[in-house]
Amino acid sequence: DLEALEQLKGKDNVTGDGRRIDIFANIGKVEDAQGALEADAGGIGLFRSEFLYLGRGNFPTEEEQFLSYKAVLEKMGEKKVVIRTLDIGADKKVDYFNLDEEENPALGYRAIRICLDRPEIFITQLRAIFRASAYGRAAIMFPMVVSTAEVRRIKEIVEQVKEELSTEGYPVKDVELGIMIETPAAALISDELAKEVDFFSIGTNDLTQYTLAVDRQNQKLESTCDTHHPAVLKLIEMTVKNGHKEGIWVGICGELAADTDLTETFLNMGVDELSVSASSVLKVRKAVRDI
Ligand code: PEP
Ligand code: MG
């Protein structure tokens, strides 16, 4: 019950035999950081940045974005905050992006694909994040990656942004750069991708959709969508192994991270971090401690 869970605040995420795991929170707006702290999350494992772009008529400025990231980083203090770059497109439509109607939006022009095609949008966001990184412990992750070439291009743009900021006199910190593993392609080439980045975070919502060819929005398909499907679990396991071979940490930030029927499976696979909604942090801590 709730009261028993409350007792777990301040306790470690550790199994009976001493295996530790980080339990972080997913947030979707600045004010959610408070809830993450109240839930005793170890950090923010997924800060979805779409809130900055949705429900308005024009692009958010660098300054607006900077202030939002800074507010969360300051709030979280020493705790890590993984900021995910723009994941617009597919179900998340925004008028001022002037996106075309698409036959298959989930397979379409979205997320990192937009950012690499329209670098001015991407650069503004990266500038804001790097400027804010002086105020806490930021990490950056990129959604919907399918190839090594994309990651190399991302890193080139990041370097360019860091140089520009440094020339302008901003202090530029080294920030961990990671990618979401949320396409079967990314999981299958995670051995190669692991050489390019500092961490992986597995997005099981999209990874499941693309692996099982099941639209995550279609409620009629809920029974077809076996979230414990061995194909998805194999891809997760492969990703963790390949990440660890290159010495990088691997987390899970999709809904599956909060599924306590799988907590022991994830620990056995060696998953380093689970990022869940603030309301699930203590529930997952309990599951870990009961193992
Ligand atoms: C995911 O795909 O699992 C994920 C965490 O990203 P989003 O749900 O925002 O697509
Ligand atoms: Mg996703």
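Residues numbered from 1 in each chain as written. Chains lettered and ligands numbered in written order. Predicted model: local features only at pLDDT ≥ 70, side-chain atom pairs only at ≥ 80, totals over all residues.

Section: the overall build of the protein chain
In step 1: Across its full length, the protein chain holds 12 helices and eight strands.
In step 2: With respect to the three principal axes, the spread of C-alpha positions in the protein chain is 50 × 40 × 35 Å.
In step 3: Counting the 291 residues in the protein chain, one finds 42% classified as buried.
In step 4: Within the protein chain, counting contacts between residues at least 6 apart in sequence, those at least 24 apart form 69% of the total. (Helix = DSSP H or I, 4+ residues; strand = E, 2+ residues; numbered from the N terminus. Buried ≥ 20, exposed ≤ 12 C-beta atoms within 10 Å, placed from the backbone. Contact = placed C-beta atoms within 7 Å.)

Observations regarding the UniProt feature "binding site: Mg(2+)" (unreviewed entry) in the protein chain
In step 1: When the UniProt feature table is mapped onto this chain, "binding site: Mg(2+)" (unreviewed entry) is found at Glu-182 and Asp-206. Spatial clustering of the annotated residues is evident: they stretch over 25 residues in sequence, but the largest pairwise C-alpha distance comes to 5.3 Å.
In step 2: Tracing the sequence through the fold places Glu-182 in the loop between strand 5 (176–181) and helix 7 (184–188).
In step 3: When neighbours within four sequence positions are excluded, Glu-182 is seen to be in contact with Pro-143, Met-144, Gly-203, Asp-206 and Leu-207.
In step 4: Its place among the elements puts Asp-206 in helix 9 (residues 204–212). (UniProt positions renumbered as here; feature names shortened; annotations may be inferred.)

Regarding the site of ligand 1
In step 1: Every residue close to ligand 1 is listed here: Leu-46, Arg-48, Asp-87, Glu-182, Gly-203, Thr-204, Asn-205, Asp-206, Cys-253 and Gly-254.
In step 2: Considering every element that reaches the shell around ligand 1, the biggest residue donor is helix 9, with three residues.
In step 3: In terms of residue class, the shell around ligand 1 is built from two nonpolar, four polar and four charged. (Near = placed C-beta within 6 Å. Nonpolar A, V, L, I, M, F, W, Y, C, P; charged D, E, K, R; others polar.)

A look at the environment of Glu-255
In step 1: Of note, Glu-255 is situated in the loop between strand 7 (249–252) and helix 11 (263–269).
In step 2: Along the sequence, Glu-255 and Ala-149 sit 106 residues apart, while their C-alpha atoms lie 28 Å from each other.

Overview of the confidence of the model for the protein chain
In step 1: Scored by pLDDT, the protein chain comes out at a mean of 96, with 100% of its residues at no less than 70.
In step 2: Model confidence for the complex is summarised by a pTM of 0.97, with the ipTM given as 0.99. (pLDDT = per-residue confidence, 0-100.)

A short note on unusual backbone geometry
For residues other than glycine, phi is negative in most cases, and the peptide bonds are mostly trans.
In step 1: The phi angle at Ala-111 is positive, at roughly 50°, despite the residue not being glycine.
In step 2: Mapped onto the secondary structure, Ala-111 falls in the loop between strand 3 (80–84) and helix 4 (112–117).
In step 3: A positive phi is found at Met-144, a non-glycine position, where the angle reads about 65°.
In step 4: Along the chain, the position of Met-144 falls in the loop between strand 4 (137–142) and helix 6 (148–167).

Regarding the sheet that holds strand 3
In step 1: Read around the closed barrel, the eight strands follow the order 1-2-3-4-5-6-7-8; overall the barrel is parallel. Geometrically, the sheet is characterised by an average inter-axis angle of 30° between neighbouring strands, direction not taken into account.
In step 2: Here strand 6 (residues 199–202) runs beside strand 7; their pairing, made up of four bridges, is parallel. The residue bridging Ser-201 from the neighbouring strand is Gly-251, located in strand 7. (Pairing = 2+ DSSP bridges. Axes fitted to C-alpha atoms, helices over the stretch in contact; angles between N-to-C directions.)

Some details on the UniProt feature "binding site: phosphoenolpyruvate" (unreviewed entry) in the protein chain
In step 1: With numbering matched to this structure, UniProt assigns "binding site: phosphoenolpyruvate" (unreviewed entry) to Arg-48, Arg-84, Asn-205, Asp-206 and Arg-216.
In step 2: With 23 C-beta atoms packed within 10 Å, Asp-206 lands in the buried category.
In step 3: Beyond its immediate sequence surroundings of up to four residues, Asp-206 is in contact with Glu-182 and Thr-183.
In step 4: Inspection of the secondary structure puts Arg-216 in the loop between helix 9 and helix 10 (230–245).
In step 5: Among the residues examined, Arg-216 registers 18 C-beta atoms within 10 Å and is labelled partly exposed.
In step 6: Ignoring anything within four residues of it in the chain, the contact list for Arg-216 reads Asn-205 and Gln-209.

Looking at the pairing of strand 3
In step 1: For strand 3, a buried count of four out of five residues is recorded, marking the element as mostly surrounded by other parts of the structure.
In step 2: Note that strand 3 and strand 4 share five bridges and pair parallel. Residue pairing across strands places Val-81 opposite Ala-138, the latter belonging to strand 4.

Focus: the packing of helix 9 against helix 10
In step 1: Put simply, helix 9 and helix 10 touch, their axes get as near as 10 Å, and they point 125° apart. Accordingly, the angle class assigned to the pair helix 9 and helix 10 is oblique. For helix 9 against helix 10, the interelement crossing comes out right-handed. Along its contact with helix 9, which presents Thr-204, Leu-207, Thr-208 and Thr-211, the element helix 10 presents Ala-231, Val-232 and Leu-235.
In step 2: Here the contact of helix 9 with helix 10 is built from residues that sort into four nonpolar, three polar and no charged. (Parallel < 35°, antiparallel > 145°, perpendicular 65-115°, else oblique. Left-handed = near helix turned anticlockwise from the far one by under 90°.)

Some words on helix 5 (residues 119–132)
In step 1: Between its first and last C-alpha, helix 5 extends 20 Å over 14 residues, near the 20 Å set by a 1.5 Å rise per residue.
In step 2: Turning to helix 5, its buried residues number three or more, namely Phe-122, Thr-124, Gln-125, Leu-126, Arg-127, Ala-128, Ile-129, Phe-130, Arg-131 and Ala-132.
In step 3: Looking at the buried residues of helix 5, the elements they touch are helix 3 (62–76), strand 3, helix 4, strand 4 and helix 6. (Expected span 1.5 Å × (residues − 1).)

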